[in-house]
Amino acid sequence: DQQVKQNSPSLSVQEGRISILNCDYTNSMFDYFLWYKKYPAEGPTFLISISSIKDKNEDGRFTVFLNKSAKHLSLHIVPSQPGDSAVYFCAASVLDSSYKLIFGSGTRLLVRP
Amino acid sequence: GAGVSQTPSNKVTEKGKYVELRCDPISGHTALYWYRQSLGQGPEFLIYFQGTGAADDSGLPNDRFFAVRPEGSVSTLKIQRTERGDSAVYLCASSPGGRVNTGELFFGEGSRLTVL
């Protein structure tokens, strides 16, 4: 029973264009959402997060959107750069056990020069 | 060190053997986590330490898995009677405290375990 789903295993985007990575969740108790980026042979690194009381959070080229009614969030990267090529994981947590992140299966992003 | 350090980076063992994986967290981080990542999947929570005690070990798959953190710093994940299904990358992470709401979960590079 996957509580956090990333239905697109891969995405290819031209440099300079927008990358949109999607994530769906089933547990309505989730109240905090995070995106992590992972390069080969490295551990995941935190990218951006959003609380359930917000619907948008922006940090430079990265913006996360949350649609609670649809139980859907997305990560937008504008403009995309070749160095953004990595696997992106969506993760969620519940307030009273916020240390326990539930991860999606990841989306591999390739930004073509 | 500057980041979370995990050893060994790679471990190949035979079915039925005992394995220890070590994690050295970022200095000063009181919270430590173990996750497991199987091929094609995202990391899966195993156990969380706050200081020396395991605050939540609900993710450990069975009693062959055990983890310790005796002095509140280095942690060891121990797997007894390894099975082929235990093959995965074992990720350790640390954070300044137990809450991850600020996103401050720092992962190591992982220990890749292969059970033949």
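The structure presented is a predicted model; accordingly, all values stated were derived computationally and were not measured. (Residues numbered from 1 in each chain as written. Chains lettered and ligands numbered in written order. Predicted model: local features only at pLDDT ≥ 70, side-chain atom pairs only at ≥ 80, totals over all residues. Heavy atoms only, no water.)

Mind laying out a nonpolar patch on the surface, listing which residues take part and the relevant values?
All names here are of chain A. On the surface, a nonpolar cluster with roughly 230 Å² of combined accessible area is contributed by I18, I20 and V78. For I20, the location among the structural elements is in strand β3 (residues 19-25). Judged by relative accessible area, which is 37%, I20 ranks as partly exposed. (Patch = residues over 30% accessible without salt bridge, like charges linked within 9 Å, V, L, I, M, F, W, Y side chains within 5 Å. Areas by Shrake-Rupley, 256 points an atom, 1.4 Å probe, with all protein chains shown as cover. Salt bridge = Lys/Arg side-chain N within 4 Å of Asp/Glu carboxyl O. Helix = DSSP H or I, 4+ residues; strand = E, 2+ residues; numbered from the N terminus. Buried < 20%, exposed > 50% of the residue type's maximum accessible area, 1.4 Å probe, protein only.)

How would you summarise the interface of chain A and chain B if you had to cite specific residues and measurements?
If you look at the interface, chain A gives 21 residues, while chain B gives 22 residues. Approximately 1700 Å² of surface area, both sides summed, lies buried where chain A meets chain B, with 57% of it carried by carbon and sulfur atoms. Seen at the junction of chain A and chain B, the total is one salt bridge. The closest approach of N and O atoms between B:D56 and A:K100, which form a salt bridge, is 3.4 Å. At the surface where chain A touches chain B, the tally comes to six residue pairs in polar contact (both at pLDDT 80 or more). (Contact = heavy atoms within 4.5 Å. Buried area = accessible area lost by both parts, 1.4 Å probe. Polar contact = N/O pair within 3.5 Å; in protein donor to acceptor, adjacent residues only side chain to side chain.)

Can you break down the sheet that holds strand β1 (residues 4-5) of chain A residue by residue, with the values?
Residues and elements named next belong to chain A. Pairing is antiparallel across the open sheet formed by five strands, whose spatial order is β1-β3-β8-β7-β6. In this open sheet, the two strands that pair with only one neighbour each are β1 and β6 (56-59). Alignment of β3 against strand β8 (residues 72-77), held across six bridges, turns out to be antiparallel. Counterpart to N22 in the pairing with β8 is S74. (Pairing = 2+ DSSP bridges.)

Which residues make up the state of the cysteines, and what values do they have?
Within the structure shown, the criterion is met by two disulfides over all chains. Disulfide pairing places A:C23 opposite A:C90 at an S-S distance of 2.1 Å. Judged by the sign of its S-S torsion, about -75°, the cystine formed by A:C23 and A:C90 is left-handed. Taken together, the residues span a long stretch of sequence, with A:C23 in strand β3 and A:C90 in strand β9 (residues 86-93) at a distance of 67 residues. Summarising the burial analysis for this pair, A:C23 and A:C90 share the class buried. Note that B:C23 is cross-linked by a disulfide to B:C92, the S-S spacing being 1.9 Å. Note on the B:C23 and B:C92 pair: the S-S dihedral is about -70°, so by sign convention the disulfide is left-handed. With a gap of 69 residues between them, B:C23 in strand β3 (residues 19-24) and B:C92 in strand β9 (residues 88-95) connect regions that are remote in the sequence. (Disulfide = S-S within 2.5 Å.)

Let's hear about the pairing of strand β11 (residues 111-115) of chain B: which residues, and what values?
For a regular strand, side chains alternate in direction, first toward one face of the sheet and then toward the other. Residues and elements named next belong to chain B. The side-chain alternation of β11 yields one buried face, formed by S111, L113 and V115, and one unburied face, formed by R112 and T114. Two elements, β9 and β11, share three bridges in a ladder whose sense is antiparallel. In the sheet register, A88 faces β11, and the bridge partner there is L113.

Summarise the sheet that holds strand β8 (residues 75-79) of chain B; cite the residues concerned and give the values.
Residues and elements named next belong to chain B. Pairing in this open sheet of four strands is antiparallel, and the strands run β1-β3-β8-β7 from one edge to the other. Whereas interior strands pair on both sides, the edge strands pair on one side only; in this sheet they are β1 (5-7) and β7 (65-68). Adjacent strand axes in the sheet meet at a mean angle of 15°, parallel and antiparallel pairs treated alike. Where β3 lies against β8, five bridges are found, and the strand directions are antiparallel. Bridge pairing in β8 links E20 to K78. (Axes fitted to C-alpha atoms, helices over the stretch in contact; angles between N-to-C directions.)

Give a detailed account of the layout of surface pockets, specifying residues and quantitative values.
The space that makes up the largest pocket amounts to roughly 630 Å³. Around the largest pocket, the lining is made up of 26 residues, and of these A:K38, B:Q37, B:L39, B:V89 and B:R112 lie nearest the centre. Considering each element in turn, the lining of the largest pocket owes the most residues, three residues, to β9(B). Considered as a void within the structure, the second largest pocket measures approximately 340 Å³ in volume. What lines the second largest pocket is a set of 18 residues, and nearest its centre among them are A:I102, A:F103, B:G42, B:P43 and B:E44. Residue assignment for the lining of the second largest pocket shows that the elements contributing at least two residues are β10 (102-103) of chain A together with β5 (44-50) of chain B. Residues that form the lining of the second largest pocket fall into these classes: six nonpolar, eight polar and four charged. (1 Å grid on protein atoms, 1.4 Å probe; cavity = no way out; pocket = protein on both sides within 12 Å on 5 of 7 lines; lining within 4 Å. Points joined across faces, edges and corners; volume = space filled by probe spheres on them. Nonpolar A, V, L, I, M, F, W, Y, C, P; charged D, E, K, R; others polar.)

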